[in-house]
Amino acid sequence: MSGAIAQVEPLTSARALRGPFDYRLPDDLRAEVGVGSMLVVPFGRREVLGVVVGLSEHSEVAEEKLLAPLHAFDGCPPTLPIELVALAEWIADEYCSTFARALRLVLPPGASTARATRLGAPRRRRSVARPQHLPVGAAAAAPPPLTDDQRSALEELCALLCEPREAASEPPRRLLHGITGSGKTEVYLRAAACVLEQGRGAIVLVPEIALTPQIVGRFIARFGETVAVLHSRLTPAQRREEWRRLRSGQARVCVGPRSAVFAPIERLGLIVVDEEHDSSYKHEGDPRYDARDVAAWRAEQQHALLLLGSATPRPESRRALTRLHLPNRVDGRRLPPVRVLDMCDQVDGLHPETVQALADVRRARAKAIVLLNRRGWSNFLSCRSCGTVWGCPLCDVALVLHRAADLLACHHCGHRERIPARCRCGSTALARHGAGTERLQHELTAALGDGERFPIFRLDADTLLTGAGGPAGGAGAKVAGEDRRQRVSSDRVGELLRGFQEAPAGVLIGTQMVAKGHDFPDVRLGVVLDADATLRFPDFRAEERTFALIAQLAGRVGRGGEGHVLVQTIAPQARAIVHAAQHDSEGFLEGELQRREALNYPPFAHLIRIICSAVDAPRAHVAASAIRDHLGAASAPSAMGATVLGPATLFRLRGRERRMLLVKAEDRRAAVAAVGAAVQHVACARGHAGVSFSVDVDPQ
Ligand code: ADP
Ligand code: ZN
Ligand code: ZN
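Chains are numbered independently. Their residues run from 1 in the order of the written sequence. For this description, chains carry letters from A and ligands carry numbers from 1, given in the order in which they are written. It should be noted that, the model being predicted, local features are given only for residues of pLDDT at least 70 and side-chain atom pairs only at 80 or more, the latter also being counted only at that level, while totals for whole chains, interfaces and linings use all residues. As a rule here, side-chain values cover all heavy atoms of the structure and leave hydrogens and water aside.

Enquirer: Could you give an account of the coordination of the zinc ion (ligand 3), naming the residues involved and the relevant values?
Expert: Sodium, potassium and calcium take a 3.2 Å donor cutoff, other metals 2.8 Å, and in both cases only N, O and S atoms count; water is not among them, so sites may look incomplete. Around the zinc ion (ligand 3), the protein contributes the donor atoms Cys392 (SG), Cys395 (SG), Cys410 (SG) and Cys413 (SG), which lie 2.3 to 2.4 Å from the metal centre. For a four-donor site, all angles between 85 and 135 degrees give tetrahedral; for four or six donors, opposite pairs above 155 degrees with the remaining angles between 65 and 115 give square planar or octahedral; all remaining cases count as irregular. Considering all 4 donor atoms around the zinc ion (ligand 3), the spread of angles at the metal, 105 to 115 degrees, places the coordination shape in the tetrahedral class. All donors of the zinc ion (ligand 3) come from a single chain, and their spacing in sequence reads C-x2-C-x14-C-x2-C. Taken as a pair, Cys392 in the loop between strand S15 (380-383) and strand S16 (400-402) and Cys410 in the loop between strand S17 (407-409) and strand S18 (416-418) lie far apart in primary sequence, 18 residues in all. Helix and strand definitions here come from DSSP, where helices need a minimum of 4 consecutive H or I residues and strands a minimum of 2 consecutive E residues; each element is numbered from the N-terminal end.

Enquirer: Would you mind going over the nonpolar core in detail, with residue names and values included?
Expert: Definition used in this section: a nonpolar core is a set of buried Ala, Val, Leu, Ile, Met, Phe, Trp, Tyr and Cys residues joined via side-chain atoms within 4.5 Å. Here's how the labels work: a residue is buried when its accessible area is under 20% of the maximum for its type, exposed when over 50%, partly exposed in between, all with a 1.4 Å probe on protein chains only. Val51, Ile627, Leu631 and Val663 are the most contacted members of the largest nonpolar core, which has 78 residues in total. Beyond its immediate sequence surroundings of up to four residues, Val51 is in contact with Gln7, Val8, Glu9, Leu11, Gly36, Ser37, Met38, Leu80, Val85, Leu103 and Leu107. Counting residues in each nonpolar core, the second largest holds 37 residues, with Val523, Leu549, Ala554 and Ala581 among its members. Any pair of residues with heavy atoms lying within 4.5 Å of one another is described as a contacting pair.

Enquirer: Provide a residue-level description of the site of ligand 1, including the pertinent values.
Expert: Consider each residue's heavy atoms; a residue with any of them within 4 Å of a molecule or strand counts as near. Around ligand 1, the surrounding shell holds 17 residues, and the nearest of these are Pro145, Gln150, Gly181, Gly183 and Lys184. With respect to ligand 1, the backbone of Pro145 contributes an N or O atom lying 2.7 Å from a nitrogen atom. In the analysis that follows, any N or O atom pair within 3.5 Å is treated as a polar contact, provided that within protein one partner can donate a hydrogen and the other can accept it, and provided that, for residues neighboring in sequence, both atoms belong to side chains. Residue Gly183 places a main-chain N or O atom 3.0 Å away from an oxygen atom belonging to ligand 1. Burial of ligand 1 by the protein chains amounts to 73% of its free accessible area of 560 Å². At 3 residues, the largest contribution of residues to the shell around ligand 1 is made by helix H6 (residues 184-197). Amino acids are sorted into nonpolar (Ala, Val, Leu, Ile, Met, Phe, Trp, Tyr, Cys and Pro), charged (Asp, Glu, Lys and Arg) and polar (every other residue, Gly among them). Its residues placed into classes, the shell around ligand 1 shows 5 nonpolar, 7 polar and 5 charged. Residue exposure ignores everything except the shown protein chains as possible cover, and the areas themselves are Shrake-Rupley values with a 1.4 Å probe.

Enquirer: Residues and numbers for the packing of aromatic side chains, please.
Expert: Stacked, edge-to-face and tilted are the three classes for Phe, Tyr and Trp ring pairs, Trp counted by its six-membered ring, which pair at centre distances within 6.5 Å; planes under 30 degrees apart are stacked, over 60 edge-to-face, the rest tilted. The tally for this structure, following the rule as stated, stands at 9 aromatic pairs. Both rings, one in Phe540 and one in Tyr601, keep their centres 4.6 Å apart while their planes meet at 5 degrees; by these two values the pair is stacked. In this pair, Phe540 sits in the loop between helix H16 (532-535) and helix H17 (542-555) while Tyr601 sits in the loop between helix H19 (585-599) and strand S24 (606-614), placing the two residues 61 residues apart along the sequence. By relative accessible area, Tyr601 is classed as partly exposed at 22%. One aromatic cluster in this structure is built from Trp90, Tyr95 and Trp297. Stacked on the ring of Phe651, the Lys or Arg Arg658 has its end atom at 4.9 Å from the ring centre. The rule is short: NZ of Lys or CZ of Arg within 6 Å of the ring centre and within 35 degrees of the ring normal puts a charge over the ring. The aromatic ring of Tyr601 is capped on one face by Lys664, whose charged end is 4.4 Å from the ring centroid.

Enquirer: Outline the packing of helix H2 (residues 82-94) against helix H9 (residues 291-302), supporting the account with residue identities and numerical values.
Expert: Close contact between H2 and H9 brings their axes to 11 Å; oriented N to C, the two are set at 135 degrees. It follows from the interaxial angle that H2 and H9 lie oblique. Remark: the crossing between H2 and H9 carries right-handed chirality. Contact residues: Glu83, Leu84, Ala86, Leu87, Trp90 and Ile91 in H2; Asp293, Val294, Trp297, Arg298 and Gln302 in H9. Every axis corresponds to a line fitted to the C-alpha atoms, with the helix fit spanning only the stretch in contact, and the corresponding angles, defined between N-to-C directions, vary from 0 to 180 degrees. Here the word oblique covers every angle except those under 35 degrees (roughly parallel), over 145 (roughly antiparallel) and from 65 to 115 (roughly perpendicular). Helix crossings fall into two classes, left-handed where the near helix is turned counterclockwise from the far one by less than a right angle and right-handed where it is turned clockwise.

Enquirer: Tell me about the coordination of the zinc ion (ligand 2), and please be specific about residues and values.
Expert: Only Cys383 (SG), Cys386 (SG), Cys423 (SG) and Cys425 (SG) from the protein reach the zinc ion (ligand 2) as donors, at distances of 2.3 to 2.4 Å. Coordination of the zinc ion (ligand 2) draws on donor residues from a single chain, spaced C-x2-C-x36-C-x1-C in sequence. You can see Cys386 sitting in the loop between S15 and S16 and its partner Cys425 sitting in the loop between S18 and strand S19 (430-433), a full 39 residues away along the chain.

Enquirer: Could you give me a rundown of the confidence of the model for the chain, with the residues and numbers involved?
Expert: Along the chain, pLDDT gives the predictor's confidence residue by residue, from 0 to 100. On average, residues of the chain score 88 in pLDDT, and 89% of them reach the 70 mark or higher. Low confidence marks residues 472-487, where pLDDT is under 50. Its contacts with residues over four positions away, or in another chain, come to 36 contacts.

Enquirer: Talk me through the sheet that holds strand S26 (residues 656-665); I want residue IDs and the actual numbers.
Expert: The pairing criterion for strands is at least two bridges between them, as found by DSSP. Read across the open sheet, the 4 strands follow the order S25-S26-S24-S27; overall the sheet is antiparallel. Two strands lie at the open edges of the sheet, namely strand S25 (642-653) and strand S27 (692-697), each paired on one side alone. Between one strand axis and the next, the sheet turns by 20 degrees as a mean value, whatever way the strands run. Bridge count for S24 against S27 is 6 bridges, and the pairing is antiparallel. Bridge pairing in S27 links Ser613 to Ser692. Lying on the sheet, helix H21 (residues 668-684) is in contact with S24, S26 and S27; it crosses S27 at an angle near 175 degrees.

Enquirer: Residue-level account of the pattern of salt bridges, with values.
Expert: Whenever a carboxyl oxygen of Asp or Glu lies within 4 Å of a side-chain nitrogen of Lys or Arg, that contact is scored as a salt bridge. Counting across every chain of the model gives 46 salt bridges. Note that Arg30 and Glu57 form a salt bridge whose closest N and O atoms lie 3.7 Å from each other. Of the two residues, Arg30 is situated in helix H1 (residues 27-30) and Glu57 in the loop between strand S4 (46-56) and strand S5 (71-72); the sequence distance between them amounts to 27 residues. Its relative accessible area of 28% is what places Arg30 among the partly exposed residues. Taking relative accessible area as the criterion, Glu57 reaches 42% and is therefore assigned partly exposed. Salt bridges here are not isolated pairs; linked through shared partners, they connect Glu316, Arg541, Glu543, Glu544, Arg575, Glu592, Arg595 and Arg596.

Enquirer: I'd like a rundown of the sheet that holds strand S10 (residues 268-273), residues and numbers included.
Expert: If you trace the 7 strands from one edge of the open sheet to the other, you get S8-S9-S7-S10-S11-S6-S12, paired in parallel fashion. The open sheet terminates on both sides in strands that have one partner only, identified here as strand S8 (227-229) and strand S12 (322-326). For this sheet, the mean angle separating the axes of adjacent strands, direction not counted, is 20 degrees. One ladder, built from 5 bridges, connects strand S6 (residues 173-178) with S12; its direction is parallel. If you follow Leu176 over to S12, its bridge partner there is Leu324. Against the sheet, H6 touches S6, strand S7 (201-205), strand S9 (253-256), S10, strand S11 (305-310) and S12, its axis set at about 170 degrees to S10.

Enquirer: Account for the environment of Val361, naming residues and giving values.
Expert: In this structure, Val361 sits in helix H11 (residues 352-363). Val361 gets classed as buried once you look at its relative accessible area, which sits at 2%. Sequence spacing of Val361 and Val523 is 162 residues, and the spatial spacing of their C-alpha atoms is 9.4 Å. Beyond its immediate chain neighbours, meaning those up to four positions away, Val361 contacts Ala366, Lys367, Ala368, Phe454 and Leu525.

This is the structure we're talking about:
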């Protein structure tokens, strides 16, 4: 380590400030500071935490103007791996963000929020209790003998892992396309074992720890202390401790949700992305990174194996990666037959066949899972005499009725108000429209429930926050805000899932959460209500989501026994539904790729979404138009194969009017650079005060 000048990126959130800035290193720091060191530096009138991103002998800044850092960050250990600094730089570029914001992603937990002034005083290190991860139904630690399909997949993976970098013609990456119950996790475990033997480490990404405790349990059961788990339910001290164990090499396998892709493992050999189709891999705050792409970048840098696994892979992955196929369930059982029920003649509720099938399950003392992707009691409330629909005062959407909580709630901003007794026009005739999971639980409990002998459970974002999901529940409910994904309580989910698992019989109702990787042996019936709900979504991924939802739910059914699936829909001919009913993911993917190619959607082009928002609509519109003009003038979009659509109006959200531009481009790098420059130009220009800009590369 040498260099008298440290180039430091101060961790401020301002977009306009672009580092790095030079600081003069005093002799005592000079010996210990390298790229990745964290320093507390004077910055303006503040002291801020910064990361050293480069060292040099000379600075262009006049000697007398150079400041010295105040002191080194006293966290332990005080440095980031160099690779993560490079990763942050890449992310800032790739997702039109800033270096400082990207660096925050890779910092040790808590470092970016700690007050810089407090970091100076050395703190006593207290011993921290390791998090207790109760393996739910963890497999014995002894690995089972592999099936033939698993073995041949594994042979190929191990060959890739042993291949020296120089001999490899392309980065080692594979898609593990295995139907639900085909034993993908066992393949991940064996590949990880192979990597550990080589003295390297592994990262295993899962959609949500809360909903997939089983996979965590299996990794801990197999590898013990060398597994670190990072997720939002840990206390800050526990998270720091897990990070420290990884940084020091005490732990070499990290299991966690998308942020675990930043685990400070130095000799990486493997990155697994389980359920790679899951939308939770996309981060919704700035930088809007996609953990799957970050995983691919890290794997490539380290020459580590990238393994994406799913029963319903994304068309992007199917096209880009060589596939390893697990077409059979481990237990040799076939996937359950799926029947599509046409709901055209029926406005609402359950099809007679569904009613019959649920009654059969009750009579047989078996279990069923019912998926309805809509929380609450009713979709909206209206006045029968004047037609008023109760909407959110901050967003242009209808409020959803939650009966137990006695609230109308906005599912976008978290606004809530009491359910009114009468309309402003004086009428008390108020109509509730549509049914959500809360009402369904109520109705099924009335029709089928039988105390502990046949309980009706409910799993959705509301029940997780309130404990209202149990069969007896209902009291004291609160309504979830928009960031419910973060706040999902793993204790609550674990309790609920265990309740369903241990019940002698019963029904589990819920949103898409019930279709995630649960492994219940005795579910005989799966039902998808209003399968069109996801299909109606105005998004080019709507079909892919619908297909995945039905296929994933079917995957929960008939493990260890007979089973069947019913899908209620008003679009029985929809491609996603027809293919899902036949368990034909190959056919679906093929058609989907053809459609995407014809429409020039990903993976055949890249999308960048720019949203300008302001309190008044004209401001948002003017800013969006200015970006559009700048893009049109400066970068000659047609030259880089790009088209710019919009400005289009999005519904008002949290009191802000929104206008959107969509850039479709073949040359991703050029388009990202052009968009970045245009947004920067307009954001800094006069006349756009009060406008916020958000850029999303590869929006989901
Ligand atoms: P997937 O993730 O593909 O849906 P899982 O990995 O959850 O499937 O495996 C389903 C079940 O099969 C699990 O209970 C797992 O322990 C078991 N299993 C996996 N591989 C084998 C094997 N080779 N022999 C016996 N059981 C296995
Ligand atoms: Zn009225
Ligand atoms: Zn709202």
